[in-house]
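# Per-entry structural report
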Amino acid sequence: MIQTIGVIGAGQMGSGIAQVGAQSGFTIRLMDVDAKALERARESIEGHVDRLIGRGKLTAVEKPAVLARIHTASEYQAFKDCDLVVEAATENEAIKREIFKQLVPHLNERAMVATNTSSISITRLAATTDRPERFIGMHFMNPVPVMKLVEIIRGIATDDATYESIRDLALKLGKTPAVSEDFPAFIVNRILLPMINEAVYTLYEGVGSVEAIDTSMKLGANHPMGPLELADFIGLDTCLSIMNVLYDGLADSKYRPCPLLVKYVEAGWLGRKTKRGFYDYSKDVPVPTR
């Protein structure tokens, strides 16, 4: 039975996973090597909890208990009593491999490991650990507290008990699980990222401006966010990483990342997190950069 959950990475995804876990009654160990990231995560979680209280989805009485279930740490030793550890670091395979290498010696024998990767092979990542049968993909959507879906991806060695435990956990977290085969980018990003990449090509080729492209998809396809606005929200570096995984993994030219997307990432224009991407976020109202 899963009672204590470790989360590696106190960024937007990691803090969101920690929050929903704590709200659902689980003890959380949130770890990051950056102390400031942990501070920001605590502030972010408290802010989200306050908004839930304001909307009547949580009571003020419940707030202290939710926050008390989240314990922060900067060392992997914090995971020694965890039943499950979820890796939610940046979408970079080399970084994830190094994390698992450092994590494994601190785990108890029964502990399961999940990765929140949005595109990388679960089988390949599992092979870097000592427990591929207890390793699984658990891809939360962003923002975690709001989005209902969790993609569950079994590696070739993932056993039935691990899959069933993680599926049950997703339900206890109030999420709807969708099972994906272990193919590059799984289901959501296999469909979503090529659309975003095509929107960047549409901009690159001068078919439409940033504003025209996003307005067209919002009003013409009833999307809540335009594809370029969504790319900025996801992070252009993450978008490029996923497109590269698709391009390398499936060897199909339709997945070739748009040169303009590459150029923006090279410039450090990564979207909202750097205050500049397809939009400039330095002022109150975002302004298109092209």
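Not measured: the values here are computed from a predicted model.

### A closer look at the UniProt feature "binding site: NAD(+)" (unreviewed entry) in the protein chain
Mapped onto this numbering, the UniProt entry gives "binding site: NAD(+)" (unreviewed entry) at Gly9, Ala10, Gly11, Gln12, Met13, Gly14, Asp32, Glu91, Lys96, Ser118, Asn142 and Lys273. Its location among the elements puts Lys96 in helix H4 (residues 93-103). Using a relative accessible area of 1% as the deciding quantity, one classes Lys96 as buried. In this structure, Lys96 is in contact with Glu87, Ala89, Thr90, Glu91, Thr115, Thr117, Ile120 and Leu125, ignoring residues within four places of it in sequence. Of the polar contacts made by the side chain of Lys96, one reaches the side chain of Glu87; its length is 2.5 Å. Here Ser118 is to be found in the loop between strand S5 (112-115) and helix H5 (122-126).

### As for the sheet that holds strand S1 (residues 4-8)
Strands sit in the order S3-S2-S1-S4-S5-S6-S7-S8 across an open sheet of eight strands; the sheet is mixed. Edge strands, defined here as strands with exactly one partner in the open sheet, are strand S3 (70-73) and strand S8 (176-180). Within this sheet the neighbouring strands show an average axis-to-axis angle of 25 degrees, counted without direction. Note: strand S4 (residues 84-87) against S5, four bridges, orientation parallel. Note that in S5 the partner of Leu84 across the bridge is Met112. Where helix H6 (residues 160-172) meets the sheet, it contacts S1, S4, S5, strand S6 (135-140), strand S7 (149-154) and S8, and its direction lies at approximately 20 degrees from that of S6.

### Focus: a positive patch on the surface
Together, Arg51, Arg55, Lys57 and Lys148 give the surface a local cluster of positive charge. Within the secondary structure, Lys148 sits in the loop between S6 and S7.

### With respect to unusual backbone geometry
Cis geometry is adopted by the peptide bond preceding Pro143, which originates at Asn142 and carries an omega value of 0 degrees. In the Ramachandran plot, Ala185 falls in the positive-phi region, its phi being about 70 degrees despite a non-glycine side chain. Structurally, Ala185 is set in the loop between S8 and helix H7 (188-204). Residue class for Ala185 comes out buried when judged on its relative accessible area of 0%. Phi is positive for Lys275, close to 65 degrees, though the residue is something other than glycine. By the secondary structure assignment, Lys275 is in the loop between helix H11 (259-266) and strand S9 (279-280).

Rules used throughout
Residues numbered from 1 in each chain as written. Predicted model: local features only at pLDDT ≥ 70, side-chain atom pairs only at ≥ 80, totals over all residues. Heavy atoms only, no water. UniProt positions renumbered as here; feature names shortened; annotations may be inferred. Helix = DSSP H or I, 4+ residues; strand = E, 2+ residues; numbered from the N terminus. Buried < 20%, exposed > 50% of the residue type's maximum accessible area, 1.4 Å probe, protein only. Contact = heavy atoms within 4.5 Å. Polar contact = N/O pair within 3.5 Å; in protein donor to acceptor, adjacent residues only side chain to side chain. Pairing = 2+ DSSP bridges. Axes fitted to C-alpha atoms, helices over the stretch in contact; angles between N-to-C directions. Patch = residues over 30% accessible without salt bridge, like charges linked within 9 Å, V, L, I, M, F, W, Y side chains within 5 Å. Areas by Shrake-Rupley, 256 points an atom, 1.4 Å probe, with all protein chains shown as cover. Salt bridge = Lys/Arg side-chain N within 4 Å of Asp/Glu carboxyl O. Lys, Arg positive; Asp, Glu negative; His and termini not counted. Charge placed at Lys NZ, Arg CZ, Asp CG, Glu CD.

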